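What the coordinates show
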Amino acid sequence: MQPQTTVILDNGASTIKAGLIRRTEGDDDDDQPKLIPNAIVRSKGDKTTYFGHQLQRCRDYSALHYRLPFEKGYLVDWDAQKAIWDGVFSSEVLNVDTAESSLLITEPYFNLPNIQDVYDQFVFEEYEFHSYHRCTPASMIPYGRLFQAGGPSPPECLVVIDSGFSFTHVVPIINNQIQWYAVKRLDVGGKLLTNQLKELVSYRQWNMMDETYIMNHAKETCCYVSTRFLEDIQTCRSNPKQNSIVQEYILPNFSTNRHGHVRVPGEELPATDQVLHMENERFTIPELLFRPDDIGLEQSGLATTVAASISLLPDDLRGMFWANIGLIGGSTNFPGFYERLSSELLSLTPVEYDLQIYRSEDAVTEAYRAALAFVKDPTFSTHVVTREEYLESGSNASRRKFPGWQSSGLTGDPEISKVVHESTIEERGQPSKKPSRSRMRANTTSGRRR
Amino acid sequence: PTRKALRKVNATKQTLAPDVIAKRTKRHLDELERSNYTEPSITLDDDDEAPISGKNRVRQIVSDKRDPNAKKKKSSTKVRTALLYRKNLATLIEESRITALPSHIPTYLTAAAPPPQVPSRLLCSVCGYKGAYKCKKCAMAYCDMSCESVHAETRCERRVI
């Protein structure tokens, strides 16, 4: 019997995007997931420990101690994760009986097989879900609406750039299959950026090394990506306190203002308030996504990595990839990110191809909303592993059902290239050389992109 | 006169070996991956968690503490093992034996972005402006003389106290 409820967990290292679909309710399902911090946070000021969603009750944001289930992007601390998940499934958040539900959960790219086995154990042995589907966030994107602006149906060849808390991945996808041999990872994510900001501020102004929460908020409020790095750095230099770039971030003080904010020009500053001067920190921090070598990390920036990834793909498909690049993940939210990436990629795109980058209204929840569409589709039940299958064959059941990177074949499968190439030839009106294969999508209108 | 010249040349050659610089950069990058800041100390324990440490080897499960009133269901053996024994990522990578896979299968280790194609630019370690010079003693960058003196007083790694 199919369960009526499906739980969707976009299980990120920074936040969990969680929600439910109940089959009986039809279309009035909530599009917006609940955002739950994926951490156990101890507040010394409040003398309490907050598990996940309870963090919103926190009064004193200073010197918060974080225990994160994720380490460098992979789920390693199951004790902490279970505690947070218990809260998410409880009546305080989703209020769901897991034994009567199905689950869709996201995992990191290149998740280790030993870790994947533990996902199975928790889902089936601890929470006793009826069935589940485990996948990466990027694999959900073709089912969502990120590429909607380019045509009615999602492109067959696309690249997803997922920049989150732990790292940034460039993920090329053909016909809903991730091309693992071409996936590239940049080890710069929100966590590294916040920690680098903490270091700079602690060296130059106030010691903020313990203030993860506050500095993260400062980063999200003040930082932006510059399209003219050298000019901006010159502006900051020429007039240290009074230039167009400097912003003053007023730190929260726990009697009057609970949240930090940027000082509006002309705002009165009570003498007791502490202020952070954000000058070149504003743009040198997110610059690390484009120039990780600024701090000595020996990796190319995001644009070069995208070009490297696409160059591993079949020659004749590259044009489609360059024309269908999508952005997801919280670290793509910096103002100026899109403009900077566009300008850098434009100089790397081969001259015969077009460059087109798609972004979502909400990069953090885009994968969740795409997963929502995936779950609502009637074929969802063919993609899950059931608890019976697990009890019978153990983790082999999920290894078969969720192939992933382990079963990716030889590089540059020539068959894929032929299939996709044919469909593009057909729609351009040329006679096709081979009869169409059953797995190609039917031709759509001529308004479809190439 | 030749002897004097030789001595002068030797005096300026006190730069740091590149592997020392690489080690320092690596340590810095590892610090940037931490969840919480802890004062640098000389311990073998490289992560910064559990209030239980050192002598007391009894591990406590924090998920049971979340809701003391909840009815306790007995977890399966595998789940309990996963809850009690937390392994760090390096151990898990070793145990997964992804290094033993045939070379045509891409893994976490092979997926890292390629090395930088353009030479790095130097940024002043004190103020963030374009760096022009490197400290003679510890090879960190600075932009002008005021930043040089700040660096020498505060952060230089080879400073003589």
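Just so it is clear, the structure is predicted and the values come from calculations on it, not from any experiment.

1. Details of the overall build of chain A
On a plain count of helices and strands, chain A comes out with 14 helices and 20 strands. Looking at chain A as a whole, 60% of its 450 residues qualify as buried. In chain A, the proportion of contacts linking residues at least 24 apart, taken out of those at least 6 apart, comes to 66%. Element-wise, carbon and sulfur atoms account for 49% of the exposed surface of chain A, whose accessible area totals about 18,400 Å².

2. Some details on the domain arrangement of chain A
Where interface size is given, it is often the accessible area lost as the parts come together that is meant. All names here are of chain A. According to the domain assignment, chain A contains domain 1 (5-139 + 365-437), domain 2 (147-187 + 299-359) and domain 3 (190-287). For domain 2 versus domain 3, the separation of C-alpha centres amounts to 30 Å. The interface of domain 2 with domain 3 comprises ten residues on the first partner and twelve residues on the second. Buried area between domain 2 and domain 3, both sides added, is near 900 Å², and the carbon and sulfur share of it is 64%. If you sort the residues of domain 2 by the area they bury against domain 3, Phe 165, Phe 334 and Arg 340 come out on top, with a joint share of 66%. Our count for the domain 2 to domain 3 interface comes out at one salt bridge. Notably, a salt bridge pairs Arg 340 with Glu 287, separated by 2.9 Å at the nearest N-O pair. There are seven residue pairs in polar contact (both at pLDDT 80 or more) connecting domain 2 and domain 3. By residue class, the composition of the side of domain 2 that touches domain 3 is four nonpolar, three polar and three charged.

3. Section: the packing of helix α1 (residues 78-89) of chain A against helix α2 (residues 113-126) of chain A
All names here are of chain A. Put simply, α1 and α2 touch, their axes get as near as 13 Å, and they point 40° apart. Considering how the two elements wind past one another, α1 and α2 form a crossing that is right-handed. Residues Trp 78, Lys 82 and Trp 85 of α1 form the contact with α2, whose participating residues are Ile 115, Val 118, Tyr 119, Phe 122 and Glu 126. A class-by-class count of the residues in the contact of α1 with α2 yields six nonpolar, no polar and two charged.

4. Re the pattern of salt bridges
A full pass over the atoms with the stated rule returns 27 salt bridges over all chains. Here Asp 77 of chain A ties to Arg 86 of chain B by a salt bridge, and the two come within 2.6 Å at their closest N and O atoms. Within this pair, whereas Asp 77 of chain A is found in the loop between β8 (74-75) and α1, its partner Arg 86 of chain B is found in the loop between α4 (77-84) and α5 (89-96), the two belonging to separate chains. What makes Asp 77 of chain A buried here is its relative accessible area of 3%. Residue Arg 291 of chain A pairs with Asp 293 of chain A through a salt bridge whose shortest N-O separation is 3.4 Å. The burial state of Arg 291 of chain A is the same as that of Asp 293 of chain A; both residues are buried.

Cut-offs and rules
- Residues numbered from 1 in each chain as written.
- Chains lettered and ligands numbered in written order.
- Predicted model: local features only at pLDDT ≥ 70, side-chain atom pairs only at ≥ 80, totals over all residues.
- Heavy atoms only, no water.
- Helix = DSSP H or I, 4+ residues; strand = E, 2+ residues; numbered from the N terminus.
- Buried < 20%, exposed > 50% of the residue type's maximum accessible area, 1.4 Å probe, protein only.
- Contact = heavy atoms within 4.5 Å.
- Areas by Shrake-Rupley, 256 points an atom, 1.4 Å probe, with all protein chains shown as cover.
- Domains from an automatic or database assignment.
- Buried area = accessible area lost by both parts, 1.4 Å probe.
- Salt bridge = Lys/Arg side-chain N within 4 Å of Asp/Glu carboxyl O.
- Polar contact = N/O pair within 3.5 Å; in protein donor to acceptor, adjacent residues only side chain to side chain.
- Nonpolar A, V, L, I, M, F, W, Y, C, P; charged D, E, K, R; others polar.
- Axes fitted to C-alpha atoms, helices over the stretch in contact; angles between N-to-C directions.
- Left-handed = near helix turned anticlockwise from the far one by under 90°.

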